[in-house]
Amino acid sequence: MEMKKVLVLEDESSIRSFVVINLKRSGYEPIEAETGEQALEQLKQNPDIKVALLDVMLPDIDGFEVCRRIRASDSKIGIIMLTAKAQEMDKVTGLMTGADDYVTKPFSPAELTARIDALFRRTGAEDPQEDKGELRHGPFRLNTRNRTLEKNGERIKLTQIEYSIMKLFMDNPGRALSREDILNAVWGRDYFGELKIVDVNIRRLRIKIEDNSTIPTYITTVWGYGYKWGF
Ligand code: CA
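Residues numbered from 1 in each chain as written. Predicted model: local features only at pLDDT ≥ 70, side-chain atom pairs only at ≥ 80, totals over all residues. Heavy atoms only, no water.

What am I meant to see in the coordination of the calcium ion here?
Ideal geometry at a metal centre: 109.5 degrees between donors when four sit tetrahedrally, and 90 or 180 degrees when six sit octahedrally. Donor atoms from the polypeptide that coordinate the calcium ion comprise Asp11 (OD), Asp55 (OD) and Met57 (O), at 2.1 to 2.3 Å from the metal. Each donor residue of the calcium ion belongs to the same chain, with the gaps between them written as D-x43-D-x1-M. Remark: Asp55 occurs in strand β3 (residues 51-55) and Asp11 occurs in the loop between β1 (4-9) and α1 (13-25); sequence separation between them is 44 residues. Residue Asp11 is classed as partly exposed on the basis of its relative accessible area, which comes to 26%. (Donors = N, O, S within 2.8 Å, 3.2 Å for Na, K, Ca; no water. Helix = DSSP H or I, 4+ residues; strand = E, 2+ residues; numbered from the N terminus. Buried < 20%, exposed > 50% of the residue type's maximum accessible area, 1.4 Å probe, protein only.)

The structure is reproduced here in structure tokens:
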């Protein structure tokens, strides 16, 4: 299987290792760089890098300059800026023409991989397995063609509603979804049922997919709001 290479430009080694570990866990092959110059060199040596994560504050040239130089020769690569401060975010907004997306530190692994996954989809760089209609996250593999779910390679039988909830979650990793959001997305806006139907289905889904449904770790509760897919 072809690896999906992601450039990780970050001078702080603790953040870089955190990103690298989580990318590996999600099936990506991280290529590390500590400085802007190193990043440009890595890109030259690895023309198959499809997505680049660029920190803004660097010891040599800043991340925006790196972004500009990459864009000068490559329009297809996906670029995500890693920003630390609100001020940096303003600059990023101004530079959105060069970068595709940005993530503000501190970020969760789920948030970061969701952004990278989205870029891989948009840049059409998915591996052939994902082209067949697959969503993957941790031990889960959702086949969107035949609407089936596997956990660690084992099929989990789902109802159509449960499947739709799983699809919604896996399309929105790390994002808190209100019970209304879930109801509207899965049952449709014309459905005038009670929100409780959402809770009941989530409870059932948890029994099927969680390691221990009384201590859910995949579908977590956002108190007074709804649910979140993330781990
Ligand atoms: Ca930095």
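How should I be thinking about the nonpolar core in this particular structure?
The tendency in soluble globular proteins is for nonpolar side chains to be buried side by side. Met166, Phe169, Ile182, Ile209 and Trp229 are the most contacted members of the largest nonpolar core, which has 24 residues in total. When contributions to this core are tallied by element, the ones reaching two or more residues are β7 (140-143), α7 (160-171), α8 (179-187), α9 (196-209) and β12 (226-229). Setting aside residues up to four positions removed in sequence, Phe169 forms contacts with Leu177, Ile182, Ile202, Ile219, Tyr227, Lys228 and Trp229. Formed by 21 residues, the second largest nonpolar core is a distinct cluster that contains Leu9, Leu43, Leu58 and Val66. (Core = buried A, V, L, I, M, F, W, Y, C linked by side-chain atoms within 4.5 Å. Contact = heavy atoms within 4.5 Å.)

Is there a simple way to think about the packing of α8 against α9 in this case?
In a packed pair of helices, the relevant descriptors are the angle between the two axes and the axis-to-axis distance. Interaxial distance between α8 and α9 falls to 9 Å at its minimum, and their mutual angle equals 80 degrees. The orientation of α8 with respect to α9, classified from their angle, is roughly perpendicular. On α9, the residues touching Arg179, Ile182, Leu183 and Trp187 of α8 are Lys196, Ile197, Val198, Asp199 and Asn201. Among the residues making up the contact of α8 with α9, the classes are represented as five nonpolar, one polar and three charged. (Axes fitted to C-alpha atoms, helices over the stretch in contact; angles between N-to-C directions. Parallel < 35°, antiparallel > 145°, perpendicular 65-115°, else oblique. Nonpolar A, V, L, I, M, F, W, Y, C, P; charged D, E, K, R; others polar.)

Would you mind going over unusual backbone geometry with me for this structure?
Backbone geometry follows two general trends: most residues other than glycine have a negative phi, and most peptide bonds adopt the trans configuration. With omega at -5 degrees, the peptide bond leading from Lys105 into Pro106 counts as cis. Here Arg147, not a glycine, exhibits a phi torsion of approximately 55 degrees, which is positive. Overall, the relative accessible area of 37% leaves Arg147 in the partly exposed class. Although it is not a glycine, Asn152 sits at a positive phi angle of roughly 50 degrees. Structurally, Asn152 is set in the loop between β8 (148-151) and β9 (154-156).

Looking at this structure, how should I read the packing of α7 against α8?
One way to put it is that α7 packs onto α8 with a least axis distance of 10 Å and a crossing angle of 120 degrees. Judged on the interaxial angle alone, α8 and α7 are oblique. You can see that α7 and α8 cross each other, and the crossing is right-handed. Of α8, the residues touching α7 (which contributes Ile161, Ser164, Ile165, Leu168 and Phe169) are Ile182, Ala185, Val186 and Trp187. (Left-handed = near helix turned anticlockwise from the far one by under 90°.)

Please clarify how the layout of surface pockets should be interpreted in this entry.
Leftover empty space is mapped by rolling, across the atoms, a probe with the size of a water molecule. Volume-wise, the second largest pocket comes out at about 180 Å³. Lining the second largest pocket are Leu40, Leu43, Lys44, Asn46, Pro47, Ile49, Arg69, Ile70, Ser73, Asp74 and Ile77. Broken down by secondary-structure element, the contributors of at least two residues to the lining of the second largest pocket are α2 (36-45) and α3 (63-73). (1 Å grid on protein atoms, 1.4 Å probe; cavity = no way out; pocket = protein on both sides within 12 Å on 5 of 7 lines; lining within 4 Å. Points joined across faces, edges and corners; volume = space filled by probe spheres on them.)

Can you walk me through the pattern of salt bridges in this structure?
Close approach of charged atoms lets side chains of opposite charge pair. Tallied over the entire structure, the rule returns 15 salt bridges. Residues Lys105 and Glu10 are paired through a salt bridge, measuring 2.9 Å at the closest nitrogen-oxygen approach. Residue Lys105 is found in the loop between β5 (101-104) and α5 (109-122), and its partner Glu10 is found in the loop between β1 and α1; the two are separated by 95 residues along the sequence. The class for Lys105 is buried, based on a relative accessible area of 15%. Owing to a relative accessible area of 0%, Glu10 belongs among the buried residues under this scheme. Residue Asp55 pairs with Lys105 through a salt bridge whose shortest N-O separation is 3.0 Å. Taken together, the residues span a long stretch of sequence, with Asp55 in strand β3 and Lys105 in the loop between β5 and α5 at a distance of 50 residues. For the pair formed by Asp55 and Lys105, the shared burial category is buried. Each of Glu37, Glu65, Arg68 and Arg69 takes part in one network of salt bridges that share partners. (Salt bridge = Lys/Arg side-chain N within 4 Å of Asp/Glu carboxyl O.)

I'm lost on the side chain of Asn46 in this one. Help?
Here Asn46 is to be found in the loop between α2 and β3. For Asn46, a relative accessible area of 12% translates into the label buried. Within polar-contact distance, the side chain of Asn46 engages the side chain of Lys5 at 3.1 Å. If we ignore the near neighbours within four places in the chain, the residues touching Asn46 are Lys5 and Ile31. (Polar contact = N/O pair within 3.5 Å; in protein donor to acceptor, adjacent residues only side chain to side chain.)

All we've got here are geometric facts, nothing functional implied.
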